[in-house]
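Examination of the molecular architecture
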Amino acid sequence: MPTNFTVVPVEDGGAGKSSLELVFREEDITPRRPYSGDNTPRESSPFINNTDHDRGNYYDGKNMALFEEEIESNPMVSSLLNKLANYTNLTQGVTEHEEYENEDGNSSKGPCEDMGTFIGVYLPCMQNILGVILFLRLTWIVGTAGIMESFAIVVMCCTCTMLTAISMSAIATNGVVPAGGSYYMISRSLGPEFGGAVGLCFYLGTTFAGSMYILGTIEILLTYIVPNTAVFVAEKKEDETEAMLNNMRVYGTCCLALMALVVFVGVKYVNKLALVFLACVVLSIMAIYAGVIKTIIEPPNYPICLLGNRSLQNHNFEKCMKTEVIKNVTYTTELWKLFCGSPHLNATCDEYFTLNNLTEIQGIPGLLSGVIKDNMWGEYGPSGMLVEKKNQSSVPVQDNSRDIYKPYIFNDISTFFTLLVGIYFPSVTGIMAGSNRSGDLRDAQRSIPIGTILAIATTSFIYMTCVVLFGACIEGVVLRDKFGDSVKKNLVIGTLAWPSPWVIVIGSFFSCCGAGLQSLTGAPRLLQAIARDGIVPFLQVFGHGKANGEPTWALLMTVGICEIGILIASLDAVAPILSMFFLMCYLFVNLACAVQTLLRTPNWRPRFKFYHWTLSFLGMSLCLSLMFISSWYYALVAMSIAGCIYKYIEYRGAEKEWGDGIRGLSLNAARYALIRLEEVPTHTKNWRPQLLVLLKLDSDLGVKHPRLLSFTTQLKAGKGLTIVSSVLEGTYMTLGAEAKSAEQNVKSAMHLERTKGFCHVVVSSNLRDGFSHLIQSAGLGGMKHNAVLMAWPGGWKQAEDSYPWKNFIETVRETTSAHQALLVAKNIDKFPCNQDRLGEGTIDVWWIVHDGGLLMLLPFLLRQHKVWRKCKMRIFTVAQMNDNSIQMKKDLQMFLYHLRLNAVVEVVEMHDSDIAAFTYEKTLVMEQRSQMLKQMQLSKTEREREAQLITKLGTKSHANLSDTATATSDHHVHMTWTKDKLIAERNRKRGEPNFNLLFFLFCRNQSNVRRMHTAVKLNEVVVNKSQGAQLVLLNMPGPPKNKGGDENYMEFLEVLMDGLDRVLLVRGGGREVITIYS
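Quick caveat, the model's predicted, so the values are computed rather than measured.

**A few points about the sheet that holds strand 2 (residues 310-311)**
Reading across the sheet, the three strands line up as 2-1-5 and stay open at both edges, with antiparallel pairing between neighbours. Here the strands that pair on one side only, and so sit at the sheet edges, are strand 2 and strand 5 (358-362). Sheet analysis places strand 1 (residues 303-307) next to strand 2, joined by two bridges and oriented antiparallel. By the bridge assignment for strand 2, Leu307 is matched with Arg310.

**Quick word on the sheet that holds strand 10 (residues 821-826)**
If you walk across this open sheet you meet the ten strands as 8-7-6-9-10-15-14-11-12-13, and the pairing is mixed. Edge positions in the sheet fall to strand 8 (758-764) and strand 13 (904-909), since each of these pairs with one other strand and no more. Averaged over all pairs of adjacent strands, the angle between strand axes in this sheet comes to 20 degrees, irrespective of strand direction. Sheet analysis places strand 9 (residues 787-791) next to strand 10, joined by five bridges and oriented parallel. By the bridge assignment for strand 10, Leu789 is matched with Leu823.

**Focus: the packing of helix 19 (residues 571-599) against helix 20 (residues 613-630)**
A pair of packed helices is captured by two measures, namely the crossing angle of their axes and the spacing between those axes. Packing of helix 19 against helix 20 brings their axes to within 8 Å, and their N-to-C directions diverge by 160 degrees. On the basis of their axis angle, the class for helix 19 and helix 20 is roughly antiparallel. For the element pair helix 19 and helix 20, the recorded crossing hand is left-handed. Facing helix 19, whose interface residues are Met580, Leu583, Met584, Tyr586, Leu587, Asn590, Leu591, Cys593, Ala594, Thr597 and Leu598, helix 20 presents Trp613, Ser616, Phe617, Gly619, Met620, Cys623, Leu624, Leu626, Met627 and Ser630. For the contact of helix 19 with helix 20, the class distribution of residues is 16 nonpolar, five polar and no charged.

**A word on the confidence of the model for the protein**
On average, residues of the protein carry a pLDDT of 79, and 77% of them reach 70 or more. Every residue in residues 86-112 is under pLDDT 50, and counting partners more than four places away or in other chains gives 58 contacts. The model gives residues 950-979 a pLDDT under 50, and that stretch makes 48 contacts with residues more than four places away or in other chains.

**Points about the packing of helix 23 (residues 707-716) against helix 27 (residues 854-862)**
Axis separation between helix 23 and helix 27 bottoms out at 7 Å; the angle between their running directions is 95 degrees. Classified by the interaxial angle, the pair formed by helix 23 and helix 27 is roughly perpendicular. Together, Phe711, Gln714 and Leu715 of helix 23 and Leu858, Leu861 and Leu862 of helix 27 make up the contact between the two elements.

**Examining a negative patch on the surface**
Side chains of Glu235, Glu238, Asp239 and Glu240 sit close together on the surface and give a patch of like negative charge. For Glu235, the location among the structural elements is in the loop between helix 7 (181-225) and helix 8 (240-265). With relative accessibility at 82%, the residue Glu235 sits in the exposed group.

**Focus: helix 26 (residues 803-817)**
With 15 residues, helix 26 extends 21 Å between its outermost C-alpha atoms, agreeing within 8% with the 21 Å of an ideal straight helix rising 1.5 Å per residue. Lining the buried residues of helix 26 we find strand 6 (691-694), helix 25 (767-777), strand 9, strand 10, helix 35 (1046-1056) and strand 15 (1063-1067). Just past helix 26, the residue His819 takes up positive phi, approximately 55 degrees.

**Describing unusual backbone geometry**
The omega torsion across Trp498 and Pro499 is 15 degrees, close enough to zero to call that bond cis. Here Pro499 is to be found in the loop between helix 16 (492-496) and helix 17 (501-533). The phi dihedral of Lys489 is positive, around 60 degrees, even though this residue is not glycine. Topologically, Lys489 is positioned in the loop between helix 15 (476-479) and helix 16. The exposure class of Lys489 is partly exposed, given its relative accessible area of 32%. Of note in the backbone geometry, His819 takes a positive phi value of approximately 55 degrees without being a glycine. Locating His819 in the fold gives a position in the loop between helix 26 and strand 10. Using a relative accessible area of 60% as the deciding quantity, one classes His819 as exposed.

What counts as what
Residues numbered from 1 in each chain as written. Predicted model: local features only at pLDDT ≥ 70, side-chain atom pairs only at ≥ 80, totals over all residues. Heavy atoms only, no water. Pairing = 2+ DSSP bridges. Helix = DSSP H or I, 4+ residues; strand = E, 2+ residues; numbered from the N terminus. Axes fitted to C-alpha atoms, helices over the stretch in contact; angles between N-to-C directions. Parallel < 35°, antiparallel > 145°, perpendicular 65-115°, else oblique. Left-handed = near helix turned anticlockwise from the far one by under 90°. Contact = heavy atoms within 4.5 Å. Nonpolar A, V, L, I, M, F, W, Y, C, P; charged D, E, K, R; others polar. pLDDT = per-residue confidence, 0-100. Patch = residues over 30% accessible without salt bridge, like charges linked within 9 Å, V, L, I, M, F, W, Y side chains within 5 Å. Areas by Shrake-Rupley, 256 points an atom, 1.4 Å probe, with all protein chains shown as cover. Salt bridge = Lys/Arg side-chain N within 4 Å of Asp/Glu carboxyl O. Lys, Arg positive; Asp, Glu negative; His and termini not counted. Charge placed at Lys NZ, Arg CZ, Asp CG, Glu CD. Buried < 20%, exposed > 50% of the residue type's maximum accessible area, 1.4 Å probe, protein only. Expected span 1.5 Å × (residues − 1).

Right, dumping it as structure tokens:
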């Protein structure tokens, strides 16, 4: 329905300046510019010509004080409408520096800026679609494939382009299409990766199209216009093909150099000649239809000579007879000499020549001759097969080995249906010519759909009628004669033309020249547009050119690639190559339209309404089918090239955000997947660690432990979910900018460490709440973390306050309460980086208690990464006094076998033993020494002696203690202790006050002593077995339920990991994560 606008005038509050001018100074009125990822205003703003030179006048004379605080970011409607009225589109790159020049160098408005549908779209599409294949190969395709199959080929290809034109029309009318045409449409609809890949494929297709047109030009020149100018002349008949190819290479290279020079000197000459070239095409087609009509009245006289049923090359003889009688004297003809090698009547002639008669028939019998019946079906054959007339009698011979040296007509290549599809398809390309000129059209959104669809309909009618008319007017052996050898080296389609074959020859020659120039003009600008977008870094050099914008470097690149096609030298071999690239481009145009339609994005509002996603999918499927029908190996090569470019842009290309449909498709797919994931819980077989990595930031908001990200990469190998997060202490209103800066720093660190995942930095009133919120709410739907990875707070003892270790313990408690696994890495800065390769060593797993199998799964995941790949896995388990260690080892080996894990198993026996002196000393360190010593009212000297003794015993490595309980100091201290020994020793060293202290300690905290005993003994065994391991994985004991023992818990863990370089404490999430079942 129409939208009605009502403009309400508002009077100024008084004379002079308005109230807005009183509020804002002119230099303060700076409207906010939309953000663009690539700093291109024309893609981020609604209008391309978004200049700021008049922004100071935006709000003059406006009396809208109610909205004065919003004017700085939201312009007034009148200003917006003023920008819309002054909007002018950019002109095409080809004309940006040619159309506005005059002698003084001043610019003036070009006449072609307001081109309509007919001149701007319809005629350029006609010129690009009708070309070399129509004049040089269509008759041969009809003769080889027959009318029915040729008609099917034409219908398939024309349907493909028509469906693509419908999709293209929808995209082209969905907003303004600046200079760039099809590349712009695809890249902005499917994103930079697809846009770059398809854009380069389209560029290669256009470049090889230039090669094909040049080869067509040289073929017409050397075969039909000046055949005597060949550089290479074959001495033997079997060398004729190679000589022709060499001539094509030499003349083609010269022609390419000449055309490149013309394009380099000035594109305006090419533009001015375009109308002449188009006139040649139109006149040639009119001559064909006129010739068809004339065949009804008077067929042209083009006799062909048949020996038996074999067609002969008649450019070396005049008369189709073996002998002729002149004045009752029999003379041999030139044809006799060709088959007998001598003009004498008694010469020994070719057996087939002797047994069969010569027949002369008309090559162009006419529309009413009924020859259409013979040409209805195809006649395929291998290379070297003779061109023979159907239903013509002949006497076969046994020996055909000498036929190659006779003037027969042969197939120069093997023919089959799929080959003909690939050769024919370039004749329907060129439908993008209108969209490429979108900048020069008066109303592009109206002209592009109408002009393109009408041009395709017109050319499709021409091709379909030509297929039928050629089959109805021309003899089959002439149709299958690719180079016109049977009609005295005339262009086959030219024999049908009226008034002269030279109309077609000259018209096709200039048509091919013009198409070649157009390709050499358009391809460099397409490459320049891709290079200037900056999505392919190594192409940036091709974005530069001459001062007037001419893409010099891109032209040189285009000429180099075009020369490759020239060196192939065969039009039939080059045509399928460019068919692949054009088909791939059309495929993605259809895909872009289908994706946008199905996603129903708010910005998808094309003015062209006659489209549907089913038509786009049908066009896409047809393009893909034609690619593999034409040549499956060329199709795979083209798709591989596009795939490599796609991955390169994804990996190294500049990041662009163009609001493309693939992003929307990804969002829809992600939403659907998240909903599905939340419906059912994850099965054990699909469980993998989805990590929430808790980072610490330094004072400069940089990552304090980047190796934690390296370890994350090695553990995840890019699979599953990774959320890297950190917390800033404060309020978001004051630290919002710092949070964004910290997030960028974390992302940079993730990029350097190749960590794939998401980053989130939150601001909270305190760190404890921030980490708690992350553990509870990180992730979305079914994509939530199930494990938390963090670094061990190494300096917790030296910290001025207790917040670090208290936060750590609270994190342990919360992960346990949330049923999430916890991984704590000690000495994380000593872990290997991603560039390291651990050549040998082991990953030791100490399986003390069952945690769901996470301890055994983690080494397997680590060994998938090349850093840990050569490390072997060892699993240690602890046997108690009443356990059968031998049976335990067998059972564990069988369990690992069923888990499909390769590891060395070792069972460590830990017998019950008395508590050692070191254990009591370590326990004493844990207690609140200062307060207790103060309560005992020790003197300052005694307090210092106590502290020195505790420090000495606490820092001495218990791994060096003797198992025979020998003394470690000047005094003899037994390592197996009882209450009496403890009392006696302390009485001897310290006196009665110390005895009371230690007795109180022994009686009150016996549980702490036992815990410390376990930590000491277990650490002693671990250090003994795994001190040289690359990584040690240990079960992490849970924190005490009573928060009063938190500091003791930290001491237990510290003792447990003492003497080990790289340790990973693992605490399971309360569920099985590994299974023996498939």
